[in-house]
Amino acid sequence: MKKIFILAGLAVFLFFSCNLIKDFDEYTGVNLIAGKSFTSEDWQADRAESYYLNFEPVTAEEAGTTQGLPSGAEIYRLEIPNLVPNGDFEETNPGEAPAGWVLSESTNNINQVIDSGNYLINNNTLRFDIDNSKTNRIDYNLRSDTTGLLDGFIEESSYLVRFDIRSTSETIFEYNNNSKTFTLWSFEKGEDLSVRVFPLEIMDSQFTAQSGQAHFFSIGTFEKHEQKPQEGYIDNFRITRTDINQYIRLSVPVTDSEGNRLELLDGIYRFSVYIKEDPTHTKASATAPNRFPANGVSLLMSVKSGDTVLKTTVPEVFSPDDEGADWSVWSQISMTAFIQFDLPGAGTIEEQMLELAITPTDTSAGGAGKDVGSILIAAPSLEFLPDGE
């Protein structure tokens, strides 16, 4: 017991001796990435393709306001775009079928965009009316050269579909190749024509692109035993990839040989950023058709050695539905986590770094929780919390 006590005392002594080398007052209230605003080239996007991730500067006028932001903060848009062109149907003239949405063989289908009546969702809305014939469907060609997904619908990649719907009939949707159903979703009828969202919380609307040339998302199905008469209205039809990362990232080295900033120590860190709803989205103003509000913002911190990730925190997810959240104004969101460097496989201290990452969607449920959407961001910061607060 005495030996254990002596060893424990030595450990405490060494801990405090080492930490006294650092004057923690230097760290109090200090932004460790003060020179790394979003205008800095040090922030890198996971994807170079603009149809997967859009990261661009925004003027104060476009943002609507700078009230609540630190003085001089640069504003950026971070967006996972909709892979479906004209997913909000705003580019289609009322009374016409939207390009890419094709009637099946039957002439009993009604497929048009309407601009009047009581059942619009957000401006132009697609109406569908399908009888119980086996051949009755409305097909959207996912791989059309002109109206298909912007990435070409890549074989063996994972995608997710979402939309808003009004319908009092049970509705069937599917992904097929015009001869075989790959994925089928049955959506229960509504009690009235109020707007609901597809998928329901208990559903997973992810699907995997199969091989071959024919790929359709269909309202209705060619499976006769599944087909039923159905009618309703859909809007804000959107699809995104779920098997890729769509973050922007900043790598902060543990040590700076030039002494331009404080060294990163083991301990608790707070990563923060200011966010605001993008006022240009189609549901609010339609000044940017086919742009949608973000369903969440996820923050992440990782310890890396070179390009190797040694340890990653659980993402901290923020939602516009959180209690007290008001994304119509600039608000600061923050995550805190204990970070340990010099992990097994870390290499030299010059190779070690803390990576900060932001994505404009909810990653709490993995791919099943993702959505397209845009958020405005500004003034990122990283703080070391010696007292853990």
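The following refers to the structure shown. (Residues numbered from 1 in each chain as written. Predicted model: local features only at pLDDT ≥ 70, side-chain atom pairs only at ≥ 80, totals over all residues. Heavy atoms only, no water.)

**Examining the environment of Gly68**
Okay, so step 1: With respect to the helices, strands and loops of the structure, Gly68 is situated in the loop between α2 (60-63) and β3 (75-80).
Okay, so step 2: Along the primary structure Gly68 and Tyr274 are separated by 206 residues, whereas in three dimensions their C-alpha atoms are 8.9 Å apart.
Okay, so step 3: When residues no more than four places from it in sequence are discounted, the contact partners of Gly68 are Tyr274 and Trp330. (Helix = DSSP H or I, 4+ residues; strand = E, 2+ residues; numbered from the N terminus. Contact = heavy atoms within 4.5 Å.)

**Quick look at unusual backbone geometry**
Okay, so step 1: With an omega of 5°, the peptide bond running from Phe198 to Pro199 counts as cis.
Okay, so step 2: With respect to the helices, strands and loops of the structure, Pro199 is situated in the loop between β11 (196-198) and β12 (206-208).
Okay, so step 3: With phi around 60°, Asn123 is a residue other than glycine that occupies positive phi space.
Okay, so step 4: Checked against the element boundaries, Asn123 lands in the loop between β5 (110-114) and β6 (125-130).
Okay, so step 5: One non-glycine residue, Ala379, lies in the positive phi region at around 50°.
Okay, so step 6: Along the chain, Ala379 turns up in strand β22 (residues 373-385).

**Here we look at the environment of Tyr247**
Okay, so step 1: Summarising the element assignment, Tyr247 is placed in the loop between β14 (230-241) and β15 (248-253).
Okay, so step 2: Judged by relative accessible area, Tyr247 falls into the buried class, the value being 7%.
Okay, so step 3: Taking C-alpha positions, Tyr247 is 9.1 Å from Leu299, a pair spaced 52 residues apart along the chain.
Okay, so step 4: Excluding residues within four positions of it along the chain, Tyr247 makes contact with Gln44, Ala45, Asp46, Leu53, Ser298, Leu300, Pro315, Ala357, Ile358, Thr359 and Thr363. (Buried < 20%, exposed > 50% of the residue type's maximum accessible area, 1.4 Å probe, protein only.)

**Thoughts on the sheet that holds β22**
Sheet strands pair by backbone hydrogen bonding; their relative direction is either parallel or antiparallel.
Okay, so step 1: Reading across from one edge, β2-β3-β22-β16-β20 is the order of the five strands in this open sheet, with antiparallel pairing throughout. Of all strands in the sheet, those bounded by a partner on one side alone are β2 (54-58) and β20 (331-339). Across this sheet, the average inter-strand angle for adjacent strands is 35°, counted without regard to direction.
Okay, so step 2: Strand direction decides the pairing type here: β2 and β3, joined by five bridges, are antiparallel. Along β3, the bridge assignment pairs Asn54 with Glu79. (Pairing = 2+ DSSP bridges. Axes fitted to C-alpha atoms, helices over the stretch in contact; angles between N-to-C directions.)

**Observations regarding the pairing of strand β16 (residues 267-277)**
Okay, so step 1: β16 sits mainly inside the fold: eight of its eleven residues count as buried.
Okay, so step 2: Relative to β20, β16 runs antiparallel, the two sharing nine bridges. When the bridges of β20 are listed, Val273 appears paired with Ile333.
Okay, so step 3: Bridging between β16 and β22 involves nine bridges; their strand directions are antiparallel.

**A word on the pattern of salt bridges**
Oppositely charged side chains are able to pair whenever their charged atoms sit close together.
Okay, so step 1: This structure, assessed with the given rule, holds 17 salt bridges.
Okay, so step 2: Arg77 serves as the salt-bridge partner of Glu62, at 2.6 Å between the closest nitrogen and oxygen. Of the two residues, Glu62 is situated in helix α2 and Arg77 in strand β3; the sequence distance between them amounts to 15 residues.
Okay, so step 3: The partner of Asp164 in a salt bridge is Lys283, with the nearest N and O atoms 3.6 Å apart. Within this pair, whereas Asp164 is found in strand β8 (residues 158-166), its partner Lys283 is found in the loop between β16 and β17 (297-305), the two being separated by 119 residues in sequence.
Okay, so step 4: Lys283 sits in the partly exposed class, given a relative accessible area of 34%.
Okay, so step 5: What emerges from the salt-bridge pattern is a single network uniting Glu56, Glu62, Arg77, Glu79, Asp278 and Arg291. (Salt bridge = Lys/Arg side-chain N within 4 Å of Asp/Glu carboxyl O.)

**Considerations on the layout of surface pockets**
Okay, so step 1: The volume enclosed by the largest pocket comes to roughly 690 Å³.
Okay, so step 2: Surrounding the largest pocket, 30 residues form its lining, Arg162, Arg238, Asn295, Asp321 and Asp371 being those nearest its centre.
Okay, so step 3: Going through the elements one at a time, β8, β11 and β22 are the ones with two or more residues in the lining of the largest pocket.
Okay, so step 4: The greatest single-element share of the lining of the largest pocket, amounting to three residues, is contributed by β8.
Okay, so step 5: Of the residues that constitute the lining of the largest pocket, the class distribution is 15 nonpolar, five polar and ten charged. (1 Å grid on protein atoms, 1.4 Å probe; cavity = no way out; pocket = protein on both sides within 12 Å on 5 of 7 lines; lining within 4 Å. Points joined across faces, edges and corners; volume = space filled by probe spheres on them. Nonpolar A, V, L, I, M, F, W, Y, C, P; charged D, E, K, R; others polar.)

**Considering the nonpolar core**
Okay, so step 1: Residues Tyr269, Met301, Leu356 and Ile358 are the most contacted members of the largest nonpolar core, which totals 40 residues.
Okay, so step 2: Of all the secondary structure elements, the ones that give two or more residues to this core are β3, β15, β16, β17, β20, β21 (352-359) and β22.
Okay, so step 3: The contact partners of Tyr269, leaving out residues within four places of it in the chain, are Leu32, Leu264, Met301, Met335, Thr336, Ala337, Ile339, Phe341, Leu382, Glu383 and Phe384.
Okay, so step 4: In terms of nonpolar packing, the next biggest core, distinct from the first, is built from 32 residues, Leu142, Leu149, Ile165 and Phe187 among them. (Core = buried A, V, L, I, M, F, W, Y, C linked by side-chain atoms within 4.5 Å.)

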